[in-house]
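# Survey of secondary and tertiary structure
Spelled out from the first residue to the last, the chains are:
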Amino acid sequence: MQKRICSFCGKPLKPGTGMMYVKDDGTIYFFCSSKCRKNMLKLKRDPRKLKWTKKYVKGGIRK
């Protein structure tokens, strides 16, 4: 079994859980919950700006 990680929050997924989303261009995303799926696909949020994700960057994002 492969260990998968949520594409939005960075949380590890247990085998048999979560959702796989495949875009038209062949990009594959794995989500642990509908909260992560909606934040990424529908609301187009950046996970580095949300404190509840593991990808959060303290102090803001510098370009």
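Everything that follows concerns the structure shown earlier in this document.
The structure presented is a predicted model; accordingly, all values stated were derived computationally and were not measured.

The rules behind each value
Residues numbered from 1 in each chain as written. Predicted model: local features only at pLDDT ≥ 70, side-chain atom pairs only at ≥ 80, totals over all residues. Heavy atoms only, no water. Pairing = 2+ DSSP bridges. Helix = DSSP H or I, 4+ residues; strand = E, 2+ residues; numbered from the N terminus. Buried < 20%, exposed > 50% of the residue type's maximum accessible area, 1.4 Å probe, protein only.

Where strand β3 (residues 19-22) meets strand β4 (residues 28-31), four bridges bridge the pair, whose relative direction is antiparallel. What sits directly across from V22, in β4, is I28. Between the end of β3 and the start of β4, which pair antiparallel, lie five residues, with G26 showing a positive phi angle near 95 degrees.

Along the chain, K3 falls in the segment before β1 (4-5). For K3, a relative accessible area of 81% translates into the label exposed. K3 sits eleven residues away from K14 along the chain, and the two C-alpha atoms are 7.2 Å apart.

Scope: geometric values only; no functional claims are made or implied.
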